[in-house]
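Spelled out, the chains give:
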There are 2 protein chains.
Amino acid sequence: MPNKQLRYVGQNVARVDGVEKVTGKAKFTGDLVIPGMLHGKILRSPYPHARIRGIDASRAEMLPGVVAVLTAADISDTHPYYNGRPVIAIEKVRYVGEPVAAVAAVDQRTAAEALALIQVKYEELPAAVGLDAARAKDAPLIHENQHDNICGHEHVEKGNIGQGFAESDEIFEDTFTFPMVYHYALEPHSVIADFNDEGITVWSSAQHPFQVRGDIAKVFGLHPTKVRMVIPFLGGGFGSKSYTKFEPLVVALARKARGPVRICNSVAESMLTVRRHAARVRLKTGVKRDGTLVAREAEIYLDTGGYADNGPQVAIRAATRVLGPYRIPHICTDAYAVYTNSGSAGSFRAIGAPQTIFASESQMDIIAAKLGMDPAELRLKNFLKKGEELRPKLRGMDANLASSLKTLVWTSQWKRRSKKKGAAMGLACGATNAGATPISVAMVRLQPDGTIAVFAGSTEMGQGVRTVLSQIIAEELSLPLEAIHVGGADTKVTPYDASTGSSRSTTLMGTAVLRAARDLKNQLLKIGAEVFRVKPKEVQLVDGAMICGEMRLSFCEAMARRFGGAGGELIGHGDVGPEITGTLPVFWEIGMGTAELEVDEETGEVTIKRYVSVADVGKAIHPEGCIGQEEGAAMMGIGHTMFEQMIYEGGQLVNSSLVDYRVPTFSDVPKEFHTLLVENEDGPGPHGARGMGEGGLVSVAPAITNALARGYGVRIRDLPLTPERVWRTLREKKK
Amino acid sequence: MPNKQLRYVGQNVARVDGVEKVTGKAKFTGDLVIPGMLHGKILRSPYPHARIRGIDASRAEMLPGVVAVLTAADISDTHPYYNGRPVIAIEKVRYVGEPVAAVAAVDQRTAAEALALIQVKYEELPAAVGLDAARAKDAPLIHENQHDNICGHEHVEKGNIGQGFAESDEIFEDTFTFPMVYHYALEPHSVIADFNDEGITVWSSAQHPFQVRGDIAKVFGLHPTKVRMVIPFLGGGFGSKSYTKFEPLVVALARKARGPVRICNSVAESMLTVRRHAARVRLKTGVKRDGTLVAREAEIYLDTGGYADNGPQVAIRAATRVLGPYRIPHICTDAYAVYTNSGSAGSFRAIGAPQTIFASESQMDIIAAKLGMDPAELRLKNFLKKGEELRPKLRGMDANLASSLKTLVWTSQWKRRSKKKGAAMGLACGATNAGATPISVAMVRLQPDGTIAVFAGSTEMGQGVRTVLSQIIAEELSLPLEAIHVGGADTKVTPYDASTGSSRSTTLMGTAVLRAARDLKNQLLKIGAEVFRVKPKEVQLVDGAMICGEMRLSFCEAMARRFGGAGGELIGHGDVGPEITGTLPVFWEIGMGTAELEVDEETGEVTIKRYVSVADVGKAIHPEGCIGQEEGAAMMGIGHTMFEQMIYEGGQLVNSSLVDYRVPTFSDVPKEFHTLLVENEDGPGPHGARGMGEGGLVSVAPAITNALARGYGVRIRDLPLTPERVWRTLREKKK
């Protein structure tokens, strides 16, 4: 097929929501005012593990301005569990910060006052904080219906691990740790809920409205269509707003208060609401002398906190992602999500991958060093080829890994720069099985004035999905972007979409809107063909009109012809399901990077002088958008590699503020920061796009620790690389 | 095609909105509360015709609680005219009650107080009240950009009228008058408008939201998609809420007030907002001795009030409807909508027909009496046959008129009862060209739980459209009604629909939802065929599942198969345009009736003892619903025949309350009241339905005056038949 010049796809168009965001008109959940809205606040457990012996809310209820106080007693008529957690603490608390009661009042100040008047009798229990405490033989049981603190376990097997190690020339075994980190979206979790005779309406900063709708419906015993989720703009997500968080609590409070209630978290509260799984990864890999990987065994422990949230899925992903994008004939990996008495861990950009790829890519460099091989050569030797299987039950590798690595090597000038005297340069590669559940449905509706109203359930959290979808539609219909309006997700109005996350929207919702646009296009061509008296295939769409030779019929005129007057509309709809690729994953997300750094040996401070990132995006619908995603991901990676760590002491999170929890700032951006997009047009999405935005995250930590090892001779297996840790390690080496 | 047993269509199912209406949960515009909503009131002109020399609103603006006062000065940046009327009076008022200013305040009481503080300087002008005054040679010019007070004129011609009369054996000429009447929907006009940066939202008791949207968009210079009309339940419409009434005024007030504003009319205010056109009809008909109609000339004057509203369309319809459903070779009719200084007349059930068919059907009986023919025989002789043209440019008669009349004759026992001694029984027939603009678009969306969300822009004003649409969809998909949810009209969400009126929704929106349901059905059959490994035509839909032999796949299972998980949705859409019947009208609406009455000669009081109505409905989707519509229409007809008349004295409407304006009550329902539905399944709608609900109105007045003439020997040509008028006429006769 000849490559038609693309006019919108592949262009750096202005963000369709740019003006409303920079002028402050964009509405986030916290901006909304609902008639009669009350203000809510949550009373949270001060103990990491305790029984609730009684709650006396009477003084709080009597405070003037307090409308309702919610406790477990108020949800006894519901099915109060979702994703393994209760709407509000039932008889027991399992982490500091767990909601125990909630107040709805006429303003925030009254609600805060009321919290202080609620008296809760706790009976403290021994707490299991951290993986070791939770896994110990006599560890306190966090969920007493179990016999241990294992939340989920995934096992992946291939070949025969014993045989694999027996056939190996060299065996490497290392244990790596990865810290608890927090997403820090600019907007903390915010929810407004209203529960009246007609049903439930929830405005929330939720990434997956249809899933939250389903959970709320189950809790309150309603048909999903009686629950309406309306999602304004999100101020960042990164997975912190995936799945159902405390929406059911706000709904229950609104039910009791008989009026809408809003609860907006502070950052500190959101840090206790969700985080990334801290991990310990024991990795044992057997290789041939020539660098061929033969066997890999992994034991991965993920600290999932007091409740499951997305823990089991993270374990499932981790057990696969620890394998890297490599051909390994013998595999035995086990990943465990472990309950601990701390805030729940859930989804976070590239779930399970940063922890495990840190281990895998660090060890690959350990192997390369031992075998005297160039790290890039070792990767190239072992990369899966296109179509080749990583492990059973997953679709084979669908990307050209070698081409990405060669691009990285070339762009970063690896061969020259990594060997320079005094250089501290490392590289790493990552591949994650992405796309999540491939169900998306969309509608495009052509109005008599020639504009298109797009109904798509993707949630805009800054990643630019509304712009990308507009570009895809503009290209298909040959319409300027100004004529295309994408609204927010609203489960009553926008058709079903599984989720916004796992880098899936460009490929999956993009395909749904592309199909919807094609459906509409075919209807237009049919009208054009009738008017022009030709076959539909002889008609072109150009700039909002249909053309055939000298004849021209604008979309508006086509509508007027079809409907005989100034009204009507043409609707195109499209849906996508598992047929898009057959087996999962929908696509493999590929990210690779090189880091060059310098250490101040007196202070241990590491400066990343240069970072080069390569993302295999298939087709960059919006190149600048992709680069922004990649660089943002890299910065997040620098965060968990260099600075970020949530510190629990005695079950208390001691650094729950942005002063004490160190996120990267603009001064931490590497002096030289380059991103390249590889476009082989081999993804399953429109124009051959694959998803991206997570791949750039996973290579950062190992690239940096590999650089440190290569440049300074120290192999650090624990993150973050605080100056203290680096300094001590360097000193140890000198001894 | 074999007649499959229908399970939902043709059944008297429970109204889908019944429970919410009787329990008071149903929301009407006046029930809605929008955050920060202000209360508005309109200052209305006390003069029928005057110049506005100045408005001083300063004292009103200073009243505490007043947020904004709107006058013409505030709309100088808009295109302030729509349907010939201004958003608010500009320099001149043309009827008592015309909006001159409007106040938005924190509550209704403050708004009312503020009205009294607005000082308007008027310069009274001579008023033209009533047709005679407006048509007089030196009549005051109501719209000074014209040279007379003619608002609209329609001329219909066929053959050669002079020749026609020359060929006639007998010529009849009569003049009839029809009163000004008011619709009296239980809910007066109510509007809430909000104008902010994102656009305009209007909640209104409007029947045609897409048309109102277009008008508002034009006035304020916006794209229609920036204007959102949300329509809750209407408490009755009957045409009083067709087209744009004072929504633009409320929008302008909201714009000035910088917040949402609600204005709800009182009944008295609504009586000044819209009414039916009073009429004078001069009818001259030439016939052969054997009763064959040869020529008809008509001169129709319609009192359209101070502004056009729907006047020109009423004139257009009147000029045709005066012809009745008869074969007349020579035609010359002229209908004039005439401006007068009174409240505007607009749409009202069977526009232009009650006035003209009163004339036509009265005269038919005058003719029958003169020629010594049975009135039924005279009609039968002259009825158009199916396919025969009434007049140029309109589609031929599409109903079997004779079959309806024969049904009426049989059911009413005309032959026996009309000839009984002392009987006062009359009959009349009407046919109206109905359906309005045939553009309707609908969507049906199948949810994973097996329920259907229906998006259709019809407005539910009590006529039961939501129920009928549900039945059509239930039948097509073999689903119980409980699984089907029809929401209200919302121009942002429900696709384009031209209007709800002119009896069009069952045929046109019904066809759109039927096509949408079929689209969805085809998608389901395709999935079923794949699963069963058969051809789609071998699969049946039965009770929410697909069946083929022993194999069964529920809709939920089909969805799960298609999407591979617990999500997704299937969308069906359908649209209908002029192709449905080619030329207009979409269908002819046929209504006929007989009245039997008794007069108390001492008081002139007329009692209607028995009324039999026959409606040709094509197919009764909901038989009880049809009967309810027919009987409601007949009672409205009894209203304008017996009781109702808006009385203007000196430009003032003197009976603008329900005490002084006499609507029919339950005690006026005829002792015997029968309705028959003729179902020839020959309409253009689903299952052969045609529209109904207006036909039953038009035959009432002439059936009653014909009964009076036949039973009491007096021919009254003016309505209403107040006791005084009847008594005087009987006395005159006795002299």
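Just so it is clear, the structure is predicted and the values come from calculations on it, not from any experiment. (Residues numbered from 1 in each chain as written. Chains lettered and ligands numbered in written order. Predicted model: local features only at pLDDT ≥ 70, side-chain atom pairs only at ≥ 80, totals over all residues. Heavy atoms only, no water.)

K.L.:
Quick question: what am I supposed to make of the overall build of chain A here?
P.N.:
Helices and strands together make up the secondary structure of chain A, namely 20 helices and 31 strands. Expressed as a percentage of its 735 residues, the buried residues of chain A come to 62%. About 26500 Å² of surface is accessible on chain A, with carbon and sulfur atoms providing 51% of the total. Both charge centroids of chain A, one from 85 positive and one from 83 negative side chains, sit 3 Å from each other. (Helix = DSSP H or I, 4+ residues; strand = E, 2+ residues; numbered from the N terminus. Buried < 20%, exposed > 50% of the residue type's maximum accessible area, 1.4 Å probe, protein only. Areas by Shrake-Rupley, 256 points an atom, 1.4 Å probe, with all protein chains shown as cover. Lys, Arg positive; Asp, Glu negative; His and termini not counted. Charge placed at Lys NZ, Arg CZ, Asp CG, Glu CD.)

K.L.:
Sorry, what's going on with the packing of aromatic side chains here?
P.N.:
Think of a pair of aromatic rings as described by two things: how far the centres are apart, and how the planes are tilted against each other in angle. Residues and elements named next belong to chain A. The tally for this structure, following the rule as stated, stands at 16 aromatic pairs over all chains. When the ring of F28 is compared with that of F233, the centres are 6.1 Å apart and the planes differ by 45°; the resulting orientation is tilted. Taken as a pair, F28 in the loop between α1 (18-22) and β1 (38-44) and F233 in the loop between β13 (227-231) and α7 (247-257) lie far apart in primary sequence, 205 residues in all. Judged by its relative accessible area of 24%, F28 falls in the partly exposed class. Judged by centre distance (6.1 Å) and plane angle (80°), the ring pair of Y95 and Y307 falls under edge-to-face. Taken together, the residues span a long stretch of sequence, with Y95 in the loop between β6 (92-93) and β7 (99-105) and Y307 in the loop between β16 (293-305) and α9 (311-321) at a distance of 212 residues. Like Y307, Y95 is buried. (Phe/Tyr/Trp six-rings, centres within 6.5 Å; stacked < 30°, edge-to-face > 60°.)

K.L.:
I'm lost on the packing of helix α17 (residues 623-643) of chain A against helix α19 (residues 700-712) of chain A in this one. Help?
P.N.:
To characterise two packed helices, one gives the angle between the axes of the helices and the distance between these axes. Residues and elements named next belong to chain A. With their axes 8 Å apart at the nearest point, α17 and α19 run at an angle of 55° to one another. The angle between α17 and α19 places the two elements in the oblique class. With respect to the hand of their crossing, α17 and α19 are arranged in right-handed fashion. On α19, the residues touching A634, G637, I638, H640, T641 and M642 of α17 are V700, A701 and I704. Residues of the contact of α17 with α19, tallied by class, amount to six nonpolar, three polar and no charged. (Axes fitted to C-alpha atoms, helices over the stretch in contact; angles between N-to-C directions. Parallel < 35°, antiparallel > 145°, perpendicular 65-115°, else oblique. Left-handed = near helix turned anticlockwise from the far one by under 90°. Contact = heavy atoms within 4.5 Å. Nonpolar A, V, L, I, M, F, W, Y, C, P; charged D, E, K, R; others polar.)

K.L.:
When you look at the sheet that holds β16 of chain A in this model, what are you seeing that I'm missing?
P.N.:
Strand pairing in a sheet relies on backbone hydrogen bonds, with the paired strands running either antiparallel or parallel. Residue and element names in this part refer to chain A. With respect to topology, five strands assemble into an open sheet ordered β9-β17-β16-β15-β10, the strand pairing being mixed. Taken across any chain shown, the strands that pair with only one partner, and hence form the sheet edges, are β9 (150-158) and β10 (170-178). Here the average twist between neighbouring strands, direction ignored, is 5°. Where β10 meets strand β15 (residues 278-287), nine bridges bridge the pair, whose relative direction is antiparallel. Counterpart to E173 in the pairing with β15 is K284. (Pairing = 2+ DSSP bridges.)

K.L.:
Hey, could you run me through the interface of chain B and chain A in this one?
P.N.:
One widely used convention gives an interface's size as the accessible area the parts lose upon coming together. At the junction of the two partners, chain B supplies 44 residues and chain A supplies 44 residues. A buried area of about 3200 Å², summed over both sides, lies between chain B and chain A, and 58% of it is on carbon and sulfur atoms. For the chain B face of the interface with chain A, the top three residues by lost area are R562, F563 and H573 of chain B, together amounting to 15%. Put simply, chain B and chain A have four salt bridges between them. Ionic pairing is found between R562 of chain B and E579 of chain A, a salt bridge with its closest N-O pair at 2.6 Å. Our enumeration of links across chain B and chain A arrives at twelve residue pairs in polar contact (both at pLDDT 80 or more). Elements with a contribution of two residues or more to the side of chain B that touches chain A: β19 (440-446), α15 (505-532), α16 (555-563) and β26 (570-576) of chain B. For the side of chain B that touches chain A, the element with the most residues is β26 of chain B, which contributes five residues. Taken together, the residues that form the side of chain B that touches chain A break down as 17 nonpolar, 13 polar and 14 charged. (Buried area = accessible area lost by both parts, 1.4 Å probe. Salt bridge = Lys/Arg side-chain N within 4 Å of Asp/Glu carboxyl O. Polar contact = N/O pair within 3.5 Å; in protein donor to acceptor, adjacent residues only side chain to side chain.)

K.L.:
Help me understand the pairing of β13 of chain A in this model?
P.N.:
Across a regular strand the side chains alternate sides, sitting on one face of the sheet and then on the other. All names here are of chain A. With four of five residues buried, β13 lies mostly within the body of the structure. For the crossover from strand β12 (residues 199-204) across helix α6 (residues 209-220) to β13, the handedness is right-handed. Here β13 pairs with strand β22 (residues 489-490) via two bridges, running antiparallel. The residue of β22 that forms the bridge with I231 is A489. (Right-handed = clockwise from strand over helix to strand, strands pointing away.)

K.L.:
How do you make sense of the environment of N265 of chain B when you look at a structure like this?
P.N.:
Residue and element names in this part refer to chain B. Its place among the elements puts N265 in the loop between β14 (261-264) and α8 (267-271). Overall, N265 belongs to the buried group, its relative accessible area being 6%. Here the alpha-carbon distance between N265 and K41, two residues 224 residues apart in the chain, equals 8.4 Å. Not counting chain neighbours up to four residues away, the residues in contact with N265 comprise R44, P188, H189, F246, S270 and T273. At 3.2 Å, the side chain of N265 forms a polar contact with the side chain of S270.

K.L.:
Please explain the relation of the copies chain B and chain A as it appears in this structure.
P.N.:
A rotation about some axis, followed by a shift along it, carries one copy of the chain onto the other. Turning chain B through 180° and shifting it by 0.1 Å along the axis lays it on chain A, with an RMSD of 0.0 Å. Interpreted geometrically, this transformation is the action of a two-fold axis. Every residue of chain B has its C-alpha some distance from the rotation axis, and the shortest such distance is that of P35 of chain B, at 2.2 Å. When you check the interface residues of chain B against chain A, 100% turn up at the interface there too, and the contact is symmetric in its surfaces. (Least-squares fit on C-alpha atoms with pLDDT ≥ 70 in both.)

K.L.:
Sorry if this is basic, but what is going on with the sheet that holds strand β8 (residues 119-124) of chain B here?
P.N.:
Residues and elements named next belong to chain B. Spatially, three strands are ordered β6-β2-β8 in an open sheet, and the strand pairing comes out antiparallel. Two strands close off the open sheet at either side, each with one partner strand: β6 (92-93) and β8. Taken together, the six bridges between strand β2 (residues 50-56) and β8 define a ladder with antiparallel strand orientation. In the sheet register, R51 faces β8, and the bridge partner there is E123.

K.L.:
When you look at the nonpolar core in this model, what are you seeing that I'm missing?
P.N.:
Generally speaking, soluble globular proteins have nonpolar side chains that are buried together. Ranked by internal contacts, the top residues of the largest apolar core, which has 121 residues, are I452, V454, V513 and M546 of chain A together with I452 and M546 of chain B. Element by element, the count of residues in this core is highest for helix α15 (residues 505-532) of chain A, at 13 residues. (Core = buried A, V, L, I, M, F, W, Y, C linked by side-chain atoms within 4.5 Å.)

K.L.:
Whenever I open this one, α15 of chain B confuses me. Can you help?
P.N.:
Note: α-helices contain 3.6 residues per turn, so residues at a spacing of three or four share the same orientation. All names here are of chain B. With 28 residues, α15 extends 38 Å between its outermost C-alpha atoms, agreeing within 8% with the 40 Å of an ideal straight helix rising 1.5 Å per residue. Considering bend angle alone, the principal kink of α15 is centred on T511 and spans about 25°. Immediately downstream of α15, the backbone of R533 shows phi near 60°, a positive value. (Expected span 1.5 Å × (residues − 1). Bend = angle between axes of the 7 residues up to and from the residue.)

K.L.:
Just checking my understanding: could you explain the environment of A295 of chain B for this structure?
P.N.:
Residues and elements named next belong to chain B. Tracing the backbone shows A295 in strand β16 (residues 293-305). Residue classification places A295 among the buried residues on the basis of a relative accessible area of 0%. Residues A295 and E167, 128 residues apart in the sequence, show an inter-C-alpha distance of 8.6 Å. Beyond its immediate stretch of four places on either side in the chain, A295 contacts I161, G164, F165, K284, T285, G286, I328 and H330.

K.L.:
Is there a simple way to explain the side chain of Q471 of chain A in this structure?
P.N.:
Summarising the element assignment, Q471 of chain A is placed in helix α14 (residues 465-477). One polar contact links the side chain of Q471 of chain A to the main-chain carbonyl oxygen of Q11 of chain A, over a distance of 3.1 Å.

K.L.:
I tried to follow α16 of chain B on my own but got confused; where do I start?
P.N.:
All names here are of chain B. All of the buried residues in α16 are F555, A558, M559, R562 and F563. Summarising the axial view, the buried residues of α16 lie within an arc of 115°, below the 170-degree limit, and thus occupy one face. G564 occupies a position one or two residues after α16 and carries a positive phi of about 70°. (Arc of directions from axis to C-beta.)

K.L.:
Teacher, can you tell me more about the environment of K218 of chain B here?
P.N.:
All names here are of chain B. In this fold, K218 is placed in helix α6 (residues 209-220). Of the residues examined, K218 reaches a relative accessible area of 58% and is grouped as exposed. Taking the C-alpha atoms as reference points, K218 and E98, 120 residues apart in sequence, are found 22 Å from one another.

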